[in-house]
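Each chain, letter by letter, is given below.
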Amino acid sequence: MHVQPHPRPVIGVTTQTLQAIDNIPANLPHSWVMNERYVSALAAVGAAPVLIPLLSDDDVLRAVFDSLDGVFIPGGVDMDPATYGCKKDSLCGTIDIPRDRVELLFAKWAVAEGKPVFGVCRGMQVLNVAAGGTLHQDTTAYFPNAIKHDYFPTAGFARDYLAHDAAVAPGTRLHAMVGADSIRINSMHHQGVDRLGSGLIVSATASDGLIEALEGGGDAYVVGVQWHPEMLIDSDPAARALFRTFVEAAGSDSRVPAFR
(Lines give C-alpha, C1' and ligand atoms only; values in the text may rest on other atoms or scores of the structure.)
Protein backbone atom coordinates (compact mmCIF):
# COMPACT_ATOMS: atom_id res chain seq x y z
CA MET A 1 0.00 0.00 0.00
CA HIS A 2 1.37 3.41 -0.93
CA VAL A 3 1.50 5.79 2.03
CA GLN A 4 1.22 9.49 1.27
CA PRO A 5 3.96 11.59 2.87
CA HIS A 6 2.97 13.68 5.86
CA PRO A 7 2.21 17.25 4.75
CA ARG A 8 4.37 18.68 7.55
CA PRO A 9 8.15 18.33 7.02
CA VAL A 10 9.85 16.76 10.03
CA ILE A 11 12.45 19.17 11.42
CA GLY A 12 15.02 18.01 13.96
CA VAL A 13 15.86 20.59 16.62
CA THR A 14 19.09 20.02 18.48
CA THR A 15 19.07 20.22 22.26
CA GLN A 16 21.30 21.41 25.08
CA THR A 17 22.49 19.75 28.23
CA LEU A 18 20.48 21.21 31.10
CA GLN A 19 23.53 21.20 33.37
CA ALA A 20 25.46 23.33 30.86
CA ILE A 21 23.18 26.27 31.59
CA ASP A 22 24.39 28.67 34.27
CA ASN A 23 22.87 28.47 37.77
CA ILE A 24 21.11 25.12 37.29
CA PRO A 25 20.96 23.14 40.56
CA ALA A 26 23.47 20.29 40.46
CA ASN A 27 21.05 17.76 41.93
CA LEU A 28 18.62 17.82 38.98
CA PRO A 29 18.62 14.73 36.73
CA HIS A 30 20.87 14.92 33.69
CA SER A 31 18.54 16.26 30.99
CA TRP A 32 18.41 17.61 27.45
CA VAL A 33 16.35 20.76 26.91
CA MET A 34 15.57 23.49 24.37
CA ASN A 35 13.78 26.83 24.31
CA GLU A 36 10.12 26.40 23.34
CA ARG A 37 10.15 29.46 21.05
CA TYR A 38 12.18 27.68 18.37
CA VAL A 39 9.81 24.74 18.29
CA SER A 40 6.72 26.96 18.22
CA ALA A 41 8.16 29.09 15.40
CA LEU A 42 8.80 26.03 13.26
CA ALA A 43 5.36 24.60 13.96
CA ALA A 44 3.74 27.95 13.11
CA VAL A 45 5.05 27.78 9.53
CA GLY A 46 4.09 24.17 8.85
CA ALA A 47 6.81 21.97 10.33
CA ALA A 48 6.55 18.95 12.60
CA PRO A 49 9.44 19.68 15.01
CA VAL A 50 11.14 16.92 17.00
CA LEU A 51 13.99 17.21 19.51
CA ILE A 52 17.36 15.58 18.82
CA PRO A 53 18.99 13.82 21.80
CA LEU A 54 22.68 14.31 22.59
CA LEU A 55 23.49 10.61 22.47
CA SER A 56 27.02 9.25 22.04
CA ASP A 57 25.92 6.40 19.74
CA ASP A 58 26.46 7.52 16.15
CA ASP A 59 24.33 4.68 14.75
CA VAL A 60 21.33 5.92 16.70
CA LEU A 61 22.05 9.51 15.74
CA ARG A 62 22.28 8.51 12.09
CA ALA A 63 18.89 6.82 12.30
CA VAL A 64 17.47 10.00 13.79
CA PHE A 65 19.07 12.10 11.05
CA ASP A 66 17.70 9.84 8.30
CA SER A 67 14.17 10.33 9.64
CA LEU A 68 14.38 14.11 9.26
CA ASP A 69 13.51 16.42 6.36
CA GLY A 70 15.59 19.27 7.78
CA VAL A 71 17.89 20.22 10.65
CA PHE A 72 17.47 23.29 12.84
CA ILE A 73 20.37 24.37 15.08
CA PRO A 74 19.29 26.90 17.74
CA GLY A 75 21.07 29.33 20.02
CA GLY A 76 22.71 28.47 23.31
CA VAL A 77 25.98 28.37 25.19
CA ASP A 78 29.41 28.97 23.63
CA MET A 79 31.09 26.40 21.42
CA ASP A 80 34.21 24.73 22.77
CA PRO A 81 37.13 26.51 21.03
CA ALA A 82 38.76 23.10 20.62
CA THR A 83 36.20 22.44 17.86
CA TYR A 84 37.95 25.06 15.73
CA GLY A 85 41.49 24.39 16.88
CA CYS A 86 41.89 27.05 19.59
CA LYS A 87 42.47 27.05 23.32
CA LYS A 88 39.65 28.23 25.57
CA ASP A 89 40.42 31.62 27.08
CA SER A 90 38.87 33.39 30.05
CA LEU A 91 36.33 35.28 27.92
CA CYS A 92 34.75 32.12 26.54
CA GLY A 93 31.66 31.21 28.54
CA THR A 94 30.00 27.93 29.46
CA ILE A 95 30.41 25.13 26.91
CA ASP A 96 28.48 21.92 26.17
CA ILE A 97 30.80 19.34 24.60
CA PRO A 98 28.12 16.69 23.83
CA ARG A 99 26.04 19.33 22.10
CA ASP A 100 29.02 20.50 20.04
CA ARG A 101 29.64 16.94 18.86
CA VAL A 102 26.06 16.19 17.85
CA GLU A 103 25.44 19.53 16.16
CA LEU A 104 28.65 19.39 14.15
CA LEU A 105 27.83 15.84 13.10
CA PHE A 106 24.30 16.76 11.97
CA ALA A 107 25.52 19.92 10.23
CA LYS A 108 28.14 18.00 8.27
CA TRP A 109 25.71 15.25 7.33
CA ALA A 110 23.11 17.80 6.22
CA VAL A 111 25.56 19.79 4.12
CA ALA A 112 27.07 16.68 2.51
CA GLU A 113 23.66 15.28 1.55
CA GLY A 114 21.80 18.45 0.68
CA LYS A 115 19.34 18.24 3.55
CA PRO A 116 18.16 21.76 4.46
CA VAL A 117 19.83 23.19 7.56
CA PHE A 118 19.10 26.47 9.35
CA GLY A 119 21.17 27.83 12.23
CA VAL A 120 20.26 30.66 14.61
CA CYS A 121 22.85 32.55 16.71
CA ARG A 122 25.07 29.76 18.06
CA GLY A 123 23.59 27.66 15.25
CA MET A 124 25.14 29.96 12.65
CA GLN A 125 28.47 29.61 14.41
CA VAL A 126 28.12 25.81 14.34
CA LEU A 127 27.59 25.92 10.57
CA ASN A 128 30.73 28.02 10.18
CA VAL A 129 32.84 25.69 12.34
CA ALA A 130 31.43 22.62 10.54
CA ALA A 131 32.75 24.17 7.31
CA GLY A 132 36.22 24.67 8.79
CA GLY A 133 35.79 28.24 9.99
CA THR A 134 36.70 29.81 13.33
CA LEU A 135 35.10 32.09 15.91
CA HIS A 136 35.98 35.13 17.98
CA GLN A 137 35.70 33.97 21.59
CA ASP A 138 34.50 37.48 22.48
CA THR A 139 33.69 40.14 19.90
CA THR A 140 34.30 43.10 22.20
CA ALA A 141 37.84 41.93 22.93
CA TYR A 142 38.84 40.47 19.58
CA PHE A 143 36.85 42.17 16.81
CA PRO A 144 38.20 45.62 15.81
CA ASN A 145 35.83 48.54 16.49
CA ALA A 146 33.05 46.20 17.58
CA ILE A 147 29.66 47.70 18.35
CA LYS A 148 27.59 46.29 21.20
CA HIS A 149 26.18 42.87 20.29
CA ASP A 150 25.49 41.41 23.74
CA TYR A 151 21.99 42.69 24.49
CA PHE A 152 21.29 39.82 26.87
CA PRO A 153 18.00 39.35 28.74
CA THR A 154 20.07 38.87 31.89
CA ALA A 155 21.12 42.53 31.50
CA GLY A 156 17.51 43.70 31.27
CA PHE A 157 16.96 43.72 27.50
CA ALA A 158 13.83 42.16 26.02
CA ARG A 159 14.49 39.26 23.65
CA ASP A 160 12.67 41.10 20.87
CA TYR A 161 14.60 44.35 21.39
CA LEU A 162 15.77 45.56 17.98
CA ALA A 163 19.36 46.47 18.71
CA HIS A 164 20.90 47.49 15.40
CA ASP A 165 20.73 47.19 11.61
CA ALA A 166 22.30 44.53 9.42
CA ALA A 167 23.17 45.19 5.78
CA VAL A 168 21.90 42.40 3.53
CA ALA A 169 24.05 41.44 0.54
CA PRO A 170 22.26 41.73 -2.84
CA GLY A 171 21.90 38.51 -4.80
CA THR A 172 21.91 36.28 -1.75
CA ARG A 173 19.26 33.83 -0.64
CA LEU A 174 18.75 35.99 2.45
CA HIS A 175 18.10 39.07 0.32
CA ALA A 176 15.47 37.20 -1.67
CA MET A 177 13.83 36.12 1.58
CA VAL A 178 13.68 39.48 3.34
CA GLY A 179 13.34 41.67 0.23
CA ALA A 180 15.45 44.51 1.62
CA ASP A 181 19.02 45.82 1.65
CA SER A 182 18.92 46.36 5.43
CA ILE A 183 16.97 44.88 8.30
CA ARG A 184 16.67 45.71 11.99
CA ILE A 185 17.65 42.79 14.22
CA ASN A 186 17.78 41.72 17.84
CA SER A 187 21.18 40.70 19.19
CA MET A 188 22.06 38.33 22.04
CA HIS A 189 25.62 37.10 21.49
CA HIS A 190 29.17 37.85 22.55
CA GLN A 191 30.94 35.52 20.10
CA GLY A 192 31.01 35.77 16.32
CA VAL A 193 32.46 34.43 13.11
CA ASP A 194 36.18 35.06 12.62
CA ARG A 195 37.45 33.08 9.60
CA LEU A 196 34.63 32.13 7.23
CA GLY A 197 34.22 28.41 6.57
CA SER A 198 34.86 26.86 3.16
CA GLY A 199 31.95 27.06 0.71
CA LEU A 200 30.08 29.70 2.71
CA ILE A 201 29.28 33.25 1.66
CA VAL A 202 28.45 36.27 3.81
CA SER A 203 24.85 37.41 3.38
CA ALA A 204 24.59 40.11 6.08
CA THR A 205 26.93 42.25 8.19
CA ALA A 206 26.61 44.70 11.07
CA SER A 207 27.92 48.25 10.80
CA ASP A 208 31.22 47.15 12.37
CA GLY A 209 31.66 44.47 9.69
CA LEU A 210 30.86 41.48 11.92
CA ILE A 211 29.11 38.71 10.01
CA GLU A 212 25.40 38.60 10.86
CA ALA A 213 24.31 35.96 8.33
CA LEU A 214 25.89 33.36 6.09
CA GLU A 215 24.71 30.78 3.59
CA GLY A 216 25.91 28.07 1.29
CA GLY A 217 26.97 29.09 -2.17
CA GLY A 218 25.09 26.33 -4.00
CA ASP A 219 21.46 25.38 -4.50
CA ALA A 220 21.09 23.50 -1.21
CA TYR A 221 19.46 25.32 1.70
CA VAL A 222 22.24 26.22 4.16
CA VAL A 223 21.41 29.40 6.07
CA GLY A 224 22.65 30.85 9.35
CA VAL A 225 21.72 34.11 11.07
CA GLN A 226 23.35 35.59 14.15
CA TRP A 227 20.14 37.14 15.49
CA HIS A 228 17.00 35.51 16.93
CA PRO A 229 14.13 35.57 14.40
CA GLU A 230 12.10 33.14 16.53
CA MET A 231 11.39 36.08 18.85
CA LEU A 232 10.18 38.27 15.94
CA ILE A 233 8.14 35.81 13.89
CA ASP A 234 4.76 37.19 14.99
CA SER A 235 5.54 40.80 14.11
CA ASP A 236 8.27 40.77 11.44
CA PRO A 237 7.58 39.35 7.94
CA ALA A 238 11.33 38.93 7.34
CA ALA A 239 11.69 36.75 10.43
CA ARG A 240 8.71 34.66 9.40
CA ALA A 241 10.14 34.31 5.89
CA LEU A 242 13.34 32.81 7.31
CA PHE A 243 11.41 30.01 9.00
CA ARG A 244 8.88 29.58 6.19
CA THR A 245 11.43 29.20 3.39
CA PHE A 246 13.44 26.74 5.47
CA VAL A 247 10.40 24.54 6.09
CA GLU A 248 9.39 24.81 2.43
CA ALA A 249 12.87 23.67 1.39
CA ALA A 250 12.64 20.76 3.83
CA GLY A 251 9.35 19.74 2.23
CA SER A 252 10.88 19.67 -1.26
CA ASP A 253 11.97 16.43 -2.91
CA SER A 254 15.20 17.92 -4.27
CA ARG A 255 18.44 17.05 -2.49
CA VAL A 256 21.78 18.37 -3.75
CA PRO A 257 25.07 18.59 -1.83
CA ALA A 258 25.65 22.11 -0.54
CA PHE A 259 29.36 22.26 -1.39
CA ARG A 260 30.95 20.52 -4.35
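Above this text sits the structure in question.
This structure is a prediction, so every number in the text was calculated from the model and none was measured.

(A) Examining the sheet that holds strand β9 (residues 182–185) more closely. Read from one edge of the open sheet, 9 strands run β4-β1-β5-β6-β13-β12-β11-β8-β9, paired in mixed fashion. The strands lining the two open edges of the sheet, one partner per strand, are β4 (48–52) and β9. In this sheet, neighbouring strand axes are inclined to one another by 25° on average, regardless of whether the strands run parallel or antiparallel. Relative to strand β5 (residues 70–73), helix α3 (residues 97–113) is tilted by about 140°, and along the sheet it contacts β1 (10–14), β4, β5, β6 (117–120) and β13 (222–225). Each of β1, β5, β6 and β13 touches helix α7 (residues 237–250); the most contacted strand, β5, lies at about 150° to it.

(B) Representation of the nonpolar core. Core analysis: the largest hydrophobic core is formed by 32 residues, its most contacted members being Leu-42, Phe-72 and Phe-118. When residues of this core are traced back to their parent elements, those giving at least two are β1, α1 (36–44), β6, β8 (164–168), α6 (173–178), β9, β13 and α7. Examining the composition of this core, we find that 6 residues originate from one element, α7, more than from any other. Ignoring anything within four residues of it in the chain, the contact list for Phe-118 reads Val-71, Phe-72, Ile-73, Tyr-221, Val-223, Val-225, Pro-229, Leu-242, Phe-243 and Phe-246.

(C) Layout of the packing of aromatic side chains. A full pass over the atoms with the stated rule returns 12 aromatic pairs. Put simply, the rings of Tyr-38, Phe-72, Phe-118, Tyr-221, Phe-243 and Phe-246 touch in pairs and so form one group of aromatic residues. Directly above the ring of Trp-109 sits Arg-62, whose terminal nitrogen or CZ lies 5.0 Å from the centroid. For the cation-ring pair, Lys-115 lies above Phe-65, with the distance from its terminal atom to the ring centre recorded as 4.0 Å.

(D) Region of the structure containing the pairing of β1. With 4 of 5 residues buried, β1 lies mostly within the body of the structure. The pairing of β1 with β4 spans 5 bridges and is parallel. Bridge assignment links Gly-12 to a residue of β4, and that residue is Val-50. Summarising the sheet, β1 and β5 pair through 3 bridges and their orientation is parallel. Bridged to Ile-11 within β5 is Gly-70.

(E) Just unusual backbone geometry, in detail. Residues other than glycine seldom take positive phi values, yet Cys-121 does so here, at roughly 55°. Relative to the helices and strands, Cys-121 is located in the loop between β6 and α4 (122–130). A residue is classified by how much of its surface remains accessible, and Cys-121, at 5% relative accessible area, is buried. The phi angle at Asn-145 is positive, at roughly 60°, despite the residue not being glycine. Mapped onto the elements, Asn-145 comes out in the loop between α5 (139–142) and β8. Looking at Asn-145, the relative accessible area reads 74%, which means it is exposed.

(F) Focus on α4. Burial runs high along α4: 8 of the 9 residues are buried. Gly-132 sits one or two residues past α4 and shows a positive phi near 95°.

(G) Just empty space enclosed by the protein, in detail. For the structure shown, the criterion picks out 1 cavity of 30 Å³ or more. In this structure, the largest cavity spans a volume of roughly 40 Å³. For the largest cavity, the full set of lining residues is Val-178, Ile-183, Arg-184, Ile-185, Trp-227, Leu-232, Asp-236, Ala-238, Ala-239 and Leu-242. Elements that contribute at least two residues to the lining of the largest cavity include exactly β9 and α7. Of the residues in the lining of the largest cavity, the class split is 8 nonpolar, no polar and 2 charged.

Conventions adopted
Residues numbered from 1 in each chain as written. Predicted model: local features only at pLDDT ≥ 70, side-chain atom pairs only at ≥ 80, totals over all residues. Heavy atoms only, no water. Pairing = 2+ DSSP bridges. Helix = DSSP H or I, 4+ residues; strand = E, 2+ residues; numbered from the N terminus. Axes fitted to C-alpha atoms, helices over the stretch in contact; angles between N-to-C directions. Contact = heavy atoms within 4.5 Å. Core = buried A, V, L, I, M, F, W, Y, C linked by side-chain atoms within 4.5 Å. Buried < 20%, exposed > 50% of the residue type's maximum accessible area, 1.4 Å probe, protein only. Phe/Tyr/Trp six-rings, centres within 6.5 Å; stacked < 30°, edge-to-face > 60°. Lys NZ or Arg CZ within 6 Å of the ring centre and 35° of its normal. 1 Å grid on protein atoms, 1.4 Å probe; cavity = no way out; pocket = protein on both sides within 12 Å on 5 of 7 lines; lining within 4 Å. Points joined across faces, edges and corners; volume = space filled by probe spheres on them. Nonpolar A, V, L, I, M, F, W, Y, C, P; charged D, E, K, R; others polar.

This is a description of form; function is not addressed.
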